[in-house]
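# Coordinate inspection notes
The lines below spell out each chain.
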Amino acid sequence: MYREGGDCIAVVKIEDGENLEKAIKRFKRMVEKEGIIREWKKREYFEKPSTIKNRKKKSMERKIQKKIRKAQASRSY
């Protein structure tokens, strides 16, 4: 993966005689590992700062509730 002007570019070099399907699988793994698709989906539409703040707040609330439920479940045994 190379960076040019802040953009991410995933590059897969295909060796002579290498199966194309195998190279495509390598490319997909690389893109998934680097989070390129996730980043693209996140930036696809503009999101207001207040919306981002609310989304993060709700996410933290869910994590806290999950921890509380886990702690209560472990105490009941």
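All values derive from a computational prediction rather than experimental measurement. (Residues numbered from 1 in each chain as written. Predicted model: local features only at pLDDT ≥ 70, side-chain atom pairs only at ≥ 80, totals over all residues. Heavy atoms only, no water.)

## Let's talk about the overall build of the protein chain
When its secondary structure is counted, the protein chain shows 3 helices and 2 strands. For the protein chain, the α and β elements follow one another from N to C terminus as β-β-α-α-α. Counting every position in the protein chain, which comprises 77 residues, the buried fraction comes to 5%. (Helix = DSSP H or I, 4+ residues; strand = E, 2+ residues; numbered from the N terminus. Buried < 20%, exposed > 50% of the residue type's maximum accessible area, 1.4 Å probe, protein only.)

## What to know about the pattern of salt bridges
Following the criterion strictly, the structure yields 4 salt bridges and no others. The partner of glutamate 39 in a salt bridge is lysine 42, and the shortest N-O contact between them spans 3.8 Å. Taken together, the positions of glutamate 39 and lysine 42, both in helix H2 (residues 36-43) and 3 residues apart, correspond to about one turn of that helix. Residue glutamate 39 is classed as partly exposed on the basis of its relative accessible area of 30%. A relative accessible area of 53% means that lysine 42 is categorised as exposed. Here glutamate 47 and arginine 55 are joined by a salt bridge, their closest N and O atoms 3.0 Å apart. Beyond isolated ion pairs, a larger network of salt bridges with shared partners links Glu39, Lys42 and Arg43. (Salt bridge = Lys/Arg side-chain N within 4 Å of Asp/Glu carboxyl O.)

## Here we look at helix H1 (residues 20-34)
For H1, built from 15 residues, the straight-helix expectation of 21 Å at 1.5 Å per residue is met to within 8% by its first-to-last C-alpha distance of 21 Å. Immediately downstream of H1, the backbone of glycine 35 shows phi near 75°, a positive value. (Expected span 1.5 Å × (residues − 1).)

## Brief notes about a nonpolar patch on the surface
On the surface, a cluster of nonpolar side chains totalling about 270 Å² of accessible area is made up of Ile14, Leu20 and Ile24. Judged by relative accessible area, isoleucine 24 falls into the partly exposed class, the value being 41%. (Patch = residues over 30% accessible without salt bridge, like charges linked within 9 Å, V, L, I, M, F, W, Y side chains within 5 Å. Areas by Shrake-Rupley, 256 points an atom, 1.4 Å probe, with all protein chains shown as cover.)

## Overview of the confidence of the model for the protein chain
Per-chain confidence: the protein chain averages 86 in pLDDT, with 88% of residues scoring 70 or above. Within the protein chain, helix H3 (residues 49-75) carries the highest mean pLDDT (94), whereas strand E1 (residues 2-4) carries the lowest (50). (pLDDT = per-residue confidence, 0-100.)

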